[in-house]
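The chain contents come next:
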Amino acid sequence: MSESIRDKVAVVGVGCTKFGDLYDSTYEDQVCDAAFAAFDDAGLGPDDVDAAYVGTYLPHSQGGKAGISLADPLRLYGKPITRVENFCATGTDAFRNACLSIVSGQHDVVLVVGSEKLKDRPGRGIPRIGHQLLGKGNTAPGLFALAANRYMHEFGVTRSTLAKVAVKNHWNGKRNALSHLRMEVTEEQVLNAPMIAWPFGLFDCCPTTDGAAAAIVCRPEIARKLGKDYALVKGAALAVATGRPYYDPTFDYLGFRSTQAAAKAAYEQAGIAPSDVDLAEVHDCFTWTEITNVEDLGFFPKGEGWKAVEEGKTRVDGSIPINPSGGLKSFGHPIGASGVRMIYECVKQLRGQCGERQVKDPEIALAHNVGGPGAVSCVVVLGGAS
Amino acid sequence: MVGISSIGVHVPRSRLDRALVGKAWGRKQPPGEKAVAHFDEDALTMAVSAVLRCVDDAQAPTIDGLFFASTSSPYREKQVASFVATACDLPREILTADFCGSVRAGVSALSAAIRAVQSGAAKRVVVAVADCRPAEPDGDLEGVLGDAAIAVLVDAQGRLAAFDGGAAVAEEFTFQWRTDQGGPVQSQDARFSATHAYLRDLPEVIGRVLNERGLGTEQVAALAVGHPDARTAQDLAKAVGVDPKTGLVPSLSGAIGVTGSPDPLLLLASALERAKPGDAIVVGAFGEGAEALLFAAGEAAGPGACRPALQAAIDDKLPLPTYEKYLKYRRILGQDDTPVEFVSNVAEHREMQQDTRLYGTRCSACGLVQYPQARVCLGCHARAGLEPAKLRKRGTIFTYTMDHLAANLDHPMGMAVVDLDGGGRVYVQTTDASPESIRIGAPVELTFRRLHAGGENYNYYWKARPA
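Criteria and thresholds
In this numbering scheme, every chain counts its residues from 1 along its sequence in written order. Chains carry letters and ligands carry numbers; both start at the beginning, A for chains and 1 for ligands, and go up in the order they are written. Two thresholds apply to this predicted model, a pLDDT of at least 70 for residue-level local features and 80 or more for giving and counting side-chain atom pairs, whereas whole-chain, interface and lining totals are computed over all residues. To get the side-chain values, take all heavy atoms of the structure and skip hydrogens and water. The helix count covers DSSP runs of H or I at least four residues long, the strand count covers runs of E at least two residues long, and both are numbered beginning at the N terminus. Every radius of gyration here is taken over C-alpha atoms, with the globule rule written as 2.2 Å times N^0.38, N being the number of residues. Partly exposed describes any residue whose relative accessible area lies between the buried limit of under 20% and the exposed limit of over 50%, with all areas from a 1.4 Å probe on protein chains only and scaled to the type maximum. By the convention used here, residues are in contact when the closest approach between their heavy atoms is within 4.5 Å. Note on charges: Lys and Arg go in the positive column, Asp and Glu in the negative column, and His and the chain ends are not counted at all. Where a charge sits is defined by one atom per residue type, namely NZ (Lys), CZ (Arg), CG (Asp) or CD (Glu). Axis definition: a line fit to C-alpha positions, over the contact stretch in the case of helices; interaxial angles, taken between N-to-C directions, run 0 to 180 degrees. Each angle gets one of four labels, with under 35 degrees taken as roughly parallel, over 145 as roughly antiparallel, 65 to 115 as roughly perpendicular, and the rest as oblique. Put simply, Ala, Val, Leu, Ile, Met, Phe, Trp, Tyr, Cys and Pro go in the nonpolar bin, Asp, Glu, Lys and Arg in the charged bin, and everything else, Gly too, in the polar bin. If DSSP finds at least two bridges between two strands, the strands pair. Per the annotation, domain bounds derive from an automatic or database assignment of domains. Two parts placed together each lose some accessible area under a 1.4 Å probe, and the buried area is that loss summed for both. Definition used for salt bridges: Asp or Glu carboxyl oxygen within 4 Å of a side-chain nitrogen of Lys or Arg. Polar contacts here mean pairs of N or O atoms no more than 3.5 Å apart (in protein, one a potential hydrogen donor and the other a potential acceptor; neighbouring residues in sequence count only if both atoms are side-chain atoms). Nonpolar cores are built from buried Ala, Val, Leu, Ile, Met, Phe, Trp, Tyr and Cys residues. Side-chain atoms within 4.5 Å join them into one set. In this analysis, the protein atoms alone were mapped onto a 1 Å grid. Cavities are point sets where a 1.4 Å probe fits without being able to get out; pockets are open sets with protein on both sides within 12 Å along at least five of seven lines; lining residues have an atom within 4 Å of a point. Grid points are joined across faces, edges and corners, and a volume is the space filled by probe spheres set on the points. By convention, a stacked pair of Phe, Tyr or Trp rings (six-membered ring in the case of Trp) has centres within 6.5 Å and planes under 30 degrees apart, an edge-to-face pair has planes over 60 apart, and any other such pair is tilted.

### Considering the overall build of chain B
- Helix and strand counts for chain B come out as 11 helices and 22 strands.
- The C-alpha atoms of chain B give a radius of gyration of 22 Å, which matches the 23 Å a tight globule of 467 residues would have.
- Scored against the burial criterion, the 467 residues of chain B give a buried share of 58%.
- Pairs at least 24 residues apart make up 71% of the contacts formed inside chain B by residues separated by at least 6 positions.
- Computed over 48 positive and 55 negative side-chain charges, the separation of the two mean positions in chain B equals 3 Å.

What follows is the structure, given as structure tokens:
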């Protein structure tokens, strides 16, 4: 492995819009709200920024395609702005690229924005894509359900365990003013909700959400001069596996290789073990996904993540709090925004600004996206400046 | 002797209890059920299913003719025989033709196949006959018409049945028709048509073919004749001089309905399952005239003549829970929920071997069979030596979901990851399945189905159904 990213990039400002059905906001509104919040948080302005990265999965008429999606809303002209798209890892990958531009010495201060407007679209926000014949009929829940059913079959897990992930994440999300689904749910409600794609009922699925989040990254010495409570990037790694796991006869469907590879690389950069992580924002697009994630990230051995959920180890007061923000499940999942929103939560947690869902004295926080499903994963490890 | 050497049958799994039709319209229906093509089936897909049962993978490369017969082809313009041949991975060097126009088309195609082999124009011709004829809701034919397909292999051996002669007459008579405007089958008064055409033409051709062979009607072991209803078949037997109880092949109309062009061939299959070598069997069909073919049962006749056994095909069924489901599946009522897609005919052409003939690639370095076709091996990353590999159409479900979100005519829609026997893993929709039958470890077979109507055309691909 070449040069590590560790301690070479600081996060000096973060911002996030309310997540939800933002029928009255434009893509431009979201970008402005998230970016201005991050600028204010950092005590910086657009003129201080050398470059920017924007993460949007689904561009449409209002924005999300190319660098102009940031340039025009923010009047940020004449600077290098790159649009990133990498399935559900879009936001974290935009952040990772921003970090690399700092490490390379090209830039001093870089803006990252993830923004997504799903609710302007028909078809529950998600278009049908893919081959005209092969795999036709796949949906996001249906694709993850293939893995969930295999996992549940192999380890004897029932829907009741999956439901406990939803109960926990909604408990956290209820305590987050920016959450999309800001309510608690009971296990019974989750189990009795309408079926979407077996084994996932409605409350096993994250919502389709509008929202944006932003972060400002810079060289650590600049962060120190600003005198703000900043976080340091310890590791940021991306891994791509097959986008067609269902055609791979060697794939056991018991975990995602992309997460495993990205986590390994990120831990190596950070010089830590999974046990050093104090909290993690992981990609709980569906309840089961959180269970495989905590295994693939090394917090629990393969086949035992579900027991950790049963034992409450992943609650805010547990041994490894998972998704204290509420996760995609409760906070919502505007695809390109989610990864940057996770960075936002991690920084807020490291600063101790999260109120009732605050994890006790965290030093290391981790953000994780996986999309595809299993095709691409990005893992970012953050630590406090102290 | 030129004749029939193999038979494959496809009866769609859905059954409509006629009592549900009676209940829907408040009028009496005869007892029994009719076989109903699933929403993703049509005459083309049913023909593919029948051919795959008639011709196994080892025989496929030896076939040099395929005739398709149906009154309900999904295409007015576009040859179905060549499509069926492609989907069944038959050779390109093959004689094909579509037969249509009346329910006599199945016997016409069989007759033509026999002449082709007799003449030496072809050696091994498959005749694929399928129908799913539309009936008017609350009309006289709604409880009557059923859907089915059969494929028979005609060759110089005639292991099941040897051809012994034929006769035909043709004369315009209006009994049942559909104009170029489409719509359900229209019918002239059934009794009048029976007395003045069906019972005139069929006895004439049956008498001629028996006379030519010097056979008396008492020597006919089985009369396998397509019929508009079971009673008219009985009348025909009497008119010909065959005992309806012993010499007439029992009608399938009670169990699966009147199936149209495949009907006489299904009755022939039924007769051959019970025949002794040497039995004389008369096959006949009516429609703007009539044609009769005489066969002598061969050494292979008897149980096992047909794949699967006809009764097993009839017994393999899933009852439709309501009449309304039938209306939806046959697209008589409601919108088609199958999503309309952009379709590239260029991509379709490029991927014909992969998508329609169902070939993956096999790595000559590590042996891994993989689908879809790839340049670089998934297993050993070899970047050369990947050869086309025909996939088997049987396998086991590795994992699955039942998806209520997917846009589809039926919910929930099963999606399955299937490990195929002999290698290769595919990801396909499931069909013909009760939700509980789709589970990890379940054996399935791949079946060719209509997938969606993108590009203002029907688009076909493989699905998995419980084996």
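### Re the overall build of chain A
- Counting its secondary structure elements, chain A contains 12 helices and 11 strands.
- Relative to the 2.2 N^0.38 estimate, which gives 21 Å for 386 residues, the radius of gyration of chain A is 19 Å and therefore close to what a compact globule would have.
- When the 386 residues of chain A are sorted by exposure, 64% land in the buried category.
- The contacts in chain A between residues at least 6 apart in sequence include a share of 78% that link residues at least 24 apart.
- Counting 39 positive and 44 negative side-chain charges, chain A places the averaged centre of each group 2 Å from the other.

### Structural notes on the packing of helix H3 (residues 90–103) of chain A against helix H12 (residues 335–351) of chain A
Residues and elements named next belong to chain A.
- Across the interface, H3 lies against H12 with an axial gap of 5 Å and an inter-helix angle of 60°. Viewed along their axes, H3 and H12 adopt a mutual orientation that is oblique. On the side of H3, the interface is formed by Thr-90, Gly-91, Thr-92 and Phe-95, while H12 contributes Gly-336, Gly-339, Val-340 and Ile-343.
- Class assignment of the residues belonging to the contact of H3 with H12 gives a composition of three nonpolar, five polar and no charged.

### Concerning the sheet that holds strand E9 (residues 279–281) of chain A
All names here are of chain A.
- An order of E3-E2-E4-E7-E1-E8-E11-E10-E9 is seen for the nine strands of this open sheet, with the pairing classed as mixed. Every other strand in the sheet has two partners, leaving strand E3 (81–84) and E9 as the edge strands with one partner each. For this sheet the average axis-to-axis angle between neighbouring strands, irrespective of direction, equals 25°.
- The sheet contact formed by strand E1 (residues 10–16) and strand E8 (residues 231–240) spans two bridges and is antiparallel. When the bridges of E8 are listed, Ala-10 appears paired with Leu-232.

### Quick look at the domain arrangement of chain B
Residue and element names in this part refer to chain B.
- Split by domain assignment, chain B resolves into domain 1 (3–329) and domain 2 (345–358 + 393–466).
- Computed over C-alpha atoms, the centres of domain 1 and domain 2 are 28 Å apart.
- Contact with domain 1, which involves 27 residues of that partner, is made by 23 residues of domain 2.
- Of the roughly 2,300 Å² buried at the junction of domain 1 and domain 2 (both faces included), carbon and sulfur atoms supply 49%.

### Some thoughts on the interface of chain A and chain B
- Listed by partner, the interface residues are 32 residues for chain A and 38 residues for chain B.
- Counting the surface lost from both chain A and chain B, the interface buries some 3,100 Å², and carbon and sulfur atoms represent 61% of this.
- It is Gln-132, Leu-133 and Tyr-247 of chain A in chain A that bury the most area against chain B; as a group they hold 22% of the surface buried on that side.
- Taken together, the connections running from chain A to chain B amount to zero salt bridges.
- Here chain A and chain B share 15 residue pairs in polar contact (both at pLDDT 80 or more) between them.
- Examining the composition of the side of chain A that touches chain B, we find that eight residues originate from one element, helix H4 (residues 140–155) of chain A, more than from any other.
- Across the side of chain A that touches chain B, the residue classes break down as 16 nonpolar, nine polar and seven charged.

### Here we look at the nonpolar core
- Val-11, Phe-95 and Leu-382 of chain A are the most contacted members of the largest nonpolar core, which has 131 residues in total.
- In terms of domain composition, this core takes at least three residues from each of domain 1 (3–329) and domain 2 (345–358 + 393–466) of chain B.
- Excluding residues that lie within four positions of it along the chain, Phe-95 of chain A makes contacts with Val-11, Val-112, Ala-215, Val-217, Val-233, Ile-343, Val-380 and Leu-382 of chain A.
- Counting 51 residues, the second-largest nonpolar core is a separate cluster that includes Val-2, Ala-113, Phe-163 and Ile-281 of chain B.

### Structural notes on empty space enclosed by the protein
Residues and elements named next belong to chain A.
- Tallying each qualifying case throughout the model produces four cavities of 30 Å³ or more.
- When its volume is computed, the largest cavity comes out at roughly 50 Å³.
- In terms of lining, the largest cavity is formed by Ala-241, Thr-242, Pro-245, Phe-251, Phe-256, Arg-257, Pro-373, Gly-374 and Ala-375.
- Split into classes, the residues belonging to the lining of the largest cavity amount to six nonpolar, two polar and one charged.

### A few points about the packing of aromatic side chains
- One pass over the full model with this rule turns up 26 aromatic pairs over all chains.
- Here Phe-251 of chain A and Tyr-253 of chain A contribute two aromatic rings whose centre-to-centre distance is 4.7 Å and whose plane-to-plane angle is 55°, an arrangement assigned as tilted. This pair shows no difference in class: Phe-251 of chain A is buried, exactly as Tyr-253 of chain A is.
- Plain terms: the ring middles of Phe-39 of chain B and Tyr-329 of chain B are 5.7 Å apart, the flat faces sit at 45° to each other, and that makes the pair tilted. Within this pair, whereas Phe-39 of chain B is found in the loop between strand E3 (33–36) and helix H2 (43–54), its partner Tyr-329 of chain B is found in helix H9 (residues 323–329), the two being separated by 290 residues in sequence.

### Points about the pattern of salt bridges
- Applying the stated rule across the entire model yields 48 salt bridges over all chains.
- A salt bridge links Asp-296 of chain A to Lys-302 of chain A; the nearest nitrogen and oxygen atoms lie 2.9 Å apart.
- Asp-296 of chain A sits in the buried class, given a relative accessible area of 6%.
- For Lys-302 of chain A, a relative accessible area of 35% translates into the label partly exposed.
- Salt bridges sharing common partners tie together Asp-40, Glu-41, Arg-53, Arg-394, Asp-432, Glu-445, Arg-449, Lys-463 and Arg-465 of chain B.

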